[in-house]
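# Commentary on secondary and tertiary structure
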Amino acid sequence: MLRVESVSKDYKEFKLRDISFDVKKEEHFIILGPSGAGKTVLLEIIAGIIEPDEGRIILNGVDVTSYPPEKRNLAYIPQDYALFPHMTVYDNIAFGLKLRRISRQEIDRKVKEISKVLGIEHLLHRKPRTLSGGEKQRVAIARALVIEPELLLLDEPFANLDVQTKSRFMTEMKVWRKELGFTSLHVTHSFEEAISLGDRVGVMLRGRLVQVGDVKEVFSNPVDEGVARFLGFENIIEGVAKGNILEANGVKITLPISVEGKVRIGVRPEDIILSTEPVKTSARNEFRAEVIGIEELGPLVRVNLKIGGITLKAFITRSSLIELGISEGREVYVSFKTSAIKVF
Amino acid sequence: MLRVESVSKDYKEFKLRDISFDVKKEEHFIILGPSGAGKTVLLEIIAGIIEPDEGRIILNGVDVTSYPPEKRNLAYIPQDYALFPHMTVYDNIAFGLKLRRISRQEIDRKVKEISKVLGIEHLLHRKPRTLSGGEKQRVAIARALVIEPELLLLDEPFANLDVQTKSRFMTEMKVWRKELGFTSLHVTHSFEEAISLGDRVGVMLRGRLVQVGDVKEVFSNPVDEGVARFLGFENIIEGVAKGNILEANGVKITLPISVEGKVRIGVRPEDIILSTEPVKTSARNEFRAEVIGIEELGPLVRVNLKIGGITLKAFITRSSLIELGISEGREVYVSFKTSAIKVF
Amino acid sequence: DYTLYLFAALGSFLIVYIALPIIVIFTKQALDFRMLVKTIHDPLVIEALRNSLLTATATALISLLFGVPLGYVLARKDFRGKSLVQAIIDVPIVIPHSVVGIMLLVTFSNAILDSYKGIIAAMLFVSAPFAINSARDGFLAVDEKLEHVARTLGASKLRTFFSISLPIALPSIASGAIMAWARGISEVGAILIVAYYPKTAQVLVMEYFNNYGLRASRPISVILMGISLGIFVVLR
Amino acid sequence: DYTLYLFAALGSFLIVYIALPIIVIFTKQALDFRMLVKTIHDPLVIEALRNSLLTATATALISLLFGVPLGYVLARKDFRGKSLVQAIIDVPIVIPHSVVGIMLLVTFSNAILDSYKGIIAAMLFVSAPFAINSARDGFLAVDEKLEHVARTLGASKLRTFFSISLPIALPSIASGAIMAWARGISEVGAILIVAYYPKTAQVLVMEYFNNYGLRASRPISVILMGISLGIFVVLR
């Protein structure tokens, strides 16, 4: 349906490099990446708002790279919804239809129909500034879907919604897709959206699309260190392996597999256990460490640790921080299971 | 040293109500509260920048409530440091001394001395805009301490610093206090600062100082539900207790103590364990629950659960979310230890 | 708080200095109501007021016609020499008004001398910056995303301009047009040189003052000021 | 992108309309260099230029003296009637210049007629808003926390103003003073009524034009414009 072929673009501080992927008909494709990765720029290139420096955009077999946005028959929903503030909800939704020279009755019928599906019939006479975030998002989706676009481009569609609204939306999104059968390309930084909505996921880091595939597969088999870091392996340790022992700056770590030579391993901070006394658990790696930094992340605390020549980051809850009495400069015991280690 | 007596003030969206506490000589007193609690307003009332509607400020036995700031002999360091942008670091530090008609040589000696203690001798000729966040903070502290104030007022002193700088600062703060022997009143939303620096802590919520005491005591014995919530007991359940069983909306929960009648209990979301299969652990409370919402908080995920008539929030890590395959509408098993329950 | 009181005392001099003449002229004229009535029936005055209003309105419309597209380009496009263009637009604010008149005559000579065209030419030169800058600010405040969405929904660039950008920027554009109008009707120096005739009200004030003195010129002044203040109130 | 090209084409009319007269007058004068030299040696011209520069400078200084405290009060204090005060400050921008002259004469009559005081009075009325508003904006941009910290370090309110607020707001205040100066030296309409004598350069331009025609008034215009453009460049 959509094929993006080695698109590159330098735009403001973003540098997209050689991005290629395709989206199948009626698929929900998610591009997952941290903010600043260039996800919005990519969407705007596909929408025709920004022209790529290199590469092609193919829609249903037609090269649309040089087409203006209005000739591409797709719909774009930016992060802030971009409802037209000077029009009522009705006129917002009807905007695209009016441009298509459809009869008044037909427009009215279509607007009413889509409003019913999205549950916004009671809002049609209102101005956008009087709507809640969730209502705005529904109107934006209605305005996009009413023109029956080939492809729906969604930029962080749930980022400005509260948890309840967001949850309801994700469930409904699946229903609408079944009912209306559209194809969507959805960019987000949220793992939750990727997991619950994505048919396939592409991970985008610093302007490159580094891995594309099934959600679970991407999460369990990150192709490289960058993806691993993004997926939460904040501890990447480099060392020389001999059998199932890795030596890194004088620290010996037991590996889950046997390898030889220079390797890198990744451990998630949440898989690292802290205690004030040595406990021989099933965790096969245990070290004495010094606390060199503490960083609060809401209810979670990131503890920076120094074990000989290497540093590790561990997540513990705020209550554990208080209970264990962990503070800077203290000595603690650090352990993690060999099974929590990912070898690259 | 400082006594705040039933201070009340309506100022913009903040409403301070009947705030009383005292700070002892050479104590480091921390006022801990979420943003919007009115902490900065309280500091500015003590500094003399804002006049209270009611109440008195007593400094060393003298009622200074009607004194202008320049007559109070205290030093205020706002959150953004507020270095004078048109003066060099040297002139910033010397500012307070020049107003005190001290000889040039004496000023020079004092500025050099405090700069040495704070390690900013090499910055004296620089303008503030060329400094890093940590350097700015040091200059602000030097400018404040050089006039040997009775009391140092610190507004979120570490909020704009990166982890490493912040950690170093907290350690050094203790050294400076020993060396220079000042009294400080420090407002923050950071539990870490409260734990590692505070001699005593006052918890401030919505314009009221609700609990004052030793750090550990406050954390383990919140006086009411508001404090408990702020300290992380996000799950507050109301029900009727009979012995050590609480019935709340049809759900039976085993309590750690025996009580009778209507009570409330608190459970921290991080103390709730999720699994996809029933596991009889030492956790005495286990229920089947439905996932009704998922919210990502960085590496942590907050899962909203429905158990019969009650809802609970649980924290799990992002990796557990993926491994357990938790998504909305799914059934999961929820358990928590009786020892994790706090009865109010 | 003595410092602020001192400052307020100093500052109120200027407030009084601006407000006093306005109050005085209205009060004195109210006491000399007969003269005001007589002025309103003076055909020369009516003709001059008509000329002022017509030319100022024409100026505002021309400023809009050319200033709105220019403002849009300045808001949406980066190009080489943009800052020079912006500087040129602001130049008329600092040029002495009599010099503006000389410049225009030197450049366009008889084409504008003593004609409506001349009045409008003089007014346009000093008014245009207001219309252009307000339009630019208005368009800058229109989120570009709205235009992008309209494009993807099927609207051409021109259609998007007329159905999205222009309506949203309209309040700012309108206030710019009113400022341009007010600046036009307040102009005297350049008009005196370029087009003493057809006579505008602001020139007539001066002529009556020179020929018949203060009492004769006051009523027209009051009427003109009434119009200006009315416009000013609308603007706020 | 035809729409933007169309807009740029429309918009460039105004750019050309403003730039062309400036270029033409400089070019024509360059071709008539003899006249320029002669003008520079005309004692009347020198005297008039001196008058213009002196009065504009005096106006700018008076605007500062009273406008800076007023700007500070407006930036720091909320009081009843503040929006009325702000409105009064902006009124001079919309009043026709000849009307300003009449108003001032009606109010102050012989105290200002045909004297330096009169020129400055006229200039001050139209210049003050620029000085006041720039000072206000300058002080608004000074973080109040800086003042608070200075106070706790032992500085009185007045001392804080002079050692913290004023130095930091200085660039904005200076640009306001320059604008006030430029607005003063560009004023003609009000000065013609209040003080034809002592003769200022902007009035002399008009007199030479009326008495000797365009060629005679052009060199003074070019000199005045050179000064104004110089000021403008400094301002940017």
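Residues numbered from 1 in each chain as written. Chains lettered and ligands numbered in written order. Predicted model: local features only at pLDDT ≥ 70, side-chain atom pairs only at ≥ 80, totals over all residues. Heavy atoms only, no water.

Taken together, the contacts link 34 residues of chain A with 35 residues of chain B. Counting the surface lost from both chain A and chain B, the interface buries some 2,700 Å², and carbon and sulfur atoms represent 58% of this. On inspection of chain A and its partner chain B, the count reaches 0 salt bridges. Where chain A meets chain B, there are 0 residue pairs in polar contact (both at pLDDT 80 or more). (Contact = heavy atoms within 4.5 Å. Buried area = accessible area lost by both parts, 1.4 Å probe. Salt bridge = Lys/Arg side-chain N within 4 Å of Asp/Glu carboxyl O. Polar contact = N/O pair within 3.5 Å; in protein donor to acceptor, adjacent residues only side chain to side chain.)

Another aspect to go through is the domain arrangement of chain A. All names here are of chain A. One can read the domain layout of chain A as domain 1 (2-226) and domain 2 (233-343). Centre-to-centre, using C-alpha coordinates, domain 1 lies 40 Å away from domain 2. Each side of the interface is counted separately: domain 1 has 5 residues, and domain 2 has 5 residues. Summing the contributions of domain 1 and of domain 2, the shared interface buries around 340 Å²; its carbon and sulfur component is 49%. Among the residues domain 1 hides against domain 2, the three largest losses belong to Phe219, Pro222 and Glu225. Together they make up 85% of the total. For the pair domain 1 and domain 2, the number of links is 1 salt bridge. Among the ionic pairs, glutamate 225 bridges to arginine 264, the shortest N-O distance being 1.9 Å. (Domains from an automatic or database assignment.)

Let us now look at the relation of the copies chain A and chain B. Of the transformation superimposing chain A on chain B, the axial component is 0.0 Å and the angular component is 180°, with the fit at an RMSD of 0.1 Å. Expressed as an axis order, the relation between the two copies is that of a two-fold axis. Minimal C-alpha distance to the rotation axis in chain A is attained by leucine 300 of chain A, lying at 3.7 Å. Counting the interface residues of chain A, we find that 100% of their copies in chain B are interface residues as well, pointing to one common contact surface. (Least-squares fit on C-alpha atoms with pLDDT ≥ 70 in both.)

A contiguous nonpolar surface patch, about 280 Å² in accessible area, is contributed by Leu6 of chain C together with Leu158 and Phe162 of chain D. As for its position among the elements, phenylalanine 162 of chain D is in helix H8 (residues 157-186). (Patch = residues over 30% accessible without salt bridge, like charges linked within 9 Å, V, L, I, M, F, W, Y side chains within 5 Å. Areas by Shrake-Rupley, 256 points an atom, 1.4 Å probe, with all protein chains shown as cover. Helix = DSSP H or I, 4+ residues; strand = E, 2+ residues; numbered from the N terminus.)

Confidence in the prediction for chain C averages 93 pLDDT; 100% of positions are at 70 or higher. Scoring the predicted complex yields pTM 0.85 and, for the interface, ipTM 0.82. (pLDDT = per-residue confidence, 0-100.)

Turning our attention to unusual backbone geometry. Cis peptide bonds are those with omega within 30 degrees of zero, and the linkage from tyrosine 197 of chain C to proline 198 of chain C qualifies with -10°. Note that proline 198 of chain C resides in the loop between helix H9 (189-194) and helix H10 (201-212). The residue serine 6 of chain B is not glycine, and still its phi comes out positive at about 30°. For serine 6 of chain B, the location among the structural elements is in strand E1 (residues 2-11). The backbone phi angle of lysine 12 of chain B is positive, close to 50°, even though this residue is not glycine.

Time to look at the interface of chain C and chain D. The partner chain D presents 82 residues to the 82 residues of chain C that form the contact. With both sides pooled, the region where chain C packs onto chain D buries about 7,600 Å², and carbon together with sulfur makes up 84% of that total. Across the chain C-chain D interface, the total number found is 0 salt bridges. Counting across the chain C and chain D interface gives 10 residue pairs in polar contact (both at pLDDT 80 or more). In terms of residue class, the side of chain C that touches chain D is built from 59 nonpolar, 14 polar and 9 charged. (Nonpolar A, V, L, I, M, F, W, Y, C, P; charged D, E, K, R; others polar.)

The structure contains 4 pairs of chains in contact, of which chains C and D account for the largest number of contacts. If you take every C-alpha in chain B and every C-alpha in chain C, the smallest gap between them is 10 Å, and the two do not touch. Of all C-alpha pairs spanning chain A and chain D, none lies closer than 10 Å, and the two are not in contact.

This part takes up the packing of aromatic side chains. The final tally for this structure, using the stated rule, is 36 aromatic pairs over all chains. Consider the rings of phenylalanine 66 of chain C and phenylalanine 13 of chain D, whose centres lie 4.3 Å apart with planes at 35°: the pair is tilted. Residue phenylalanine 66 of chain C is found in helix H3 (residues 43-76), and its partner phenylalanine 13 of chain D is found in helix H1 (residues 2-31); the two belong to separate chains. By relative accessible area, phenylalanine 66 of chain C is classed as buried at 16%. Pairing phenylalanine 139 of chain C with phenylalanine 161 of chain C gives two aromatic rings, centres 5.6 Å apart and planes at 40°, and the pair type is tilted. Here the residue phenylalanine 139 of chain C occupies a position in helix H6 (residues 116-140), and phenylalanine 161 of chain C occupies one in helix H8 (residues 157-186), the gap between them amounting to 22 residues. According to the relative accessible area criterion, phenylalanine 139 of chain C is buried, its value standing at 0%. Judged by its relative accessible area of 3%, phenylalanine 161 of chain C is buried. (Phe/Tyr/Trp six-rings, centres within 6.5 Å; stacked < 30°, edge-to-face > 60°. Buried < 20%, exposed > 50% of the residue type's maximum accessible area, 1.4 Å probe, protein only.)

A few words on the sheet that holds strand E9 (residues 200-205) of chain B. Residues and elements named next belong to chain B. Across the sheet, 6 strands lie side by side as E6-E7-E8-E3-E9-E10; this open sheet has mixed pairing. Each edge of the open sheet is held by one strand with a lone partner, namely strand E6 (74-77) and strand E10 (208-213). For this sheet the average axis-to-axis angle between neighbouring strands, irrespective of direction, equals 15°. The pairing of strand E3 (residues 28-32) with strand E8 (residues 183-188) spans 5 bridges and is parallel. Of the residues in E8, the one forming a bridge with histidine 28 is serine 184. Strands in contact with helix H1 (residues 39-47) are E3, E6, strand E7 (151-155), E8 and E9; relative to E7, the strand with the most contacts, it is inclined by about 155°. (Pairing = 2+ DSSP bridges. Axes fitted to C-alpha atoms, helices over the stretch in contact; angles between N-to-C directions.)

So, about the environment of leucine 123 of chain B. Topologically, leucine 123 of chain B is positioned in the loop between helix H3 (104-118) and helix H4 (133-145). C-alpha of leucine 123 of chain B to C-alpha of isoleucine 58 of chain B: the two residues are 65 residues apart in sequence and 37 Å apart in space.

Turning our eyes to something else, we now look at the sheet that holds strand E4 (residues 54-59) of chain B. Residues and elements named next belong to chain B. Taken in spatial order, the 4 strands line up as E2-E1-E4-E5 in an open sheet, and their pairing is antiparallel. Strands with a single pairing partner mark the edges of an open sheet, and in this sheet they are strand E2 (14-23) and strand E5 (62-63). Across 5 bridges, the pairing between E1 and E4 is antiparallel. Following the sheet pairing, leucine 2 is matched in E4 by leucine 59. The strands touched by H1 within the sheet are E1, E2 and E4, with E2 carrying the most contacts at an inclination of about 60°.

What follows deals with the UniProt feature "binding site: ATP" in chain A. When the UniProt feature table is mapped to this numbering, "binding site: ATP" covers Gly33, Pro34, Ser35, Gly36, Ala37, Gly38, Lys39 and Thr40 of chain A. Checked against the element boundaries, glycine 38 of chain A lands in the loop between strand E3 (28-32) and helix H1 (39-47). By relative accessible area, glycine 38 of chain A is classed as buried at 3%. Leave out the neighbours within four places in its chain, and glycine 38 of chain A touches Phe14, Leu16 and Met204 of chain A. Setting aside anything within four residues of it in sequence, one finds threonine 40 of chain A in contact with Tyr76 and Asp155 of chain A together with Lys145 of chain C. (UniProt positions renumbered as here; feature names shortened; annotations may be inferred.)

Two chain copies here: they are related by a rotation about an axis and a translation along the same axis. Superposing chain C onto chain D takes a rotation of 180° plus a shift of 0.0 Å along the axis, which leaves an RMSD of 0.1 Å. In this assembly, 100% of the residues forming the interface of chain C have copies in chain D that are likewise at the interface, indicating an isologous arrangement.

Residues and elements named next belong to chain C. One way to put it is that H3 packs onto H8 with a least axis distance of 9 Å and a crossing angle of 140°. It follows from the interaxial angle that H3 and H8 lie oblique. Note on packing geometry: the crossing formed by H3 with H8 is right-handed. Across the interface between the two elements, Ser52, Leu53, Ala56, Thr57, Ala60, Ser63, Leu64, Val68 and Tyr72 of H3 pack against Phe161, Ser165, Leu166, Ile173, Ala177, Ala180, Trp181 and Ile185 of H8. Split by residue class, the contact of H3 with H8 holds 13 nonpolar, 4 polar and no charged. (Parallel < 35°, antiparallel > 145°, perpendicular 65-115°, else oblique. Left-handed = near helix turned anticlockwise from the far one by under 90°.)

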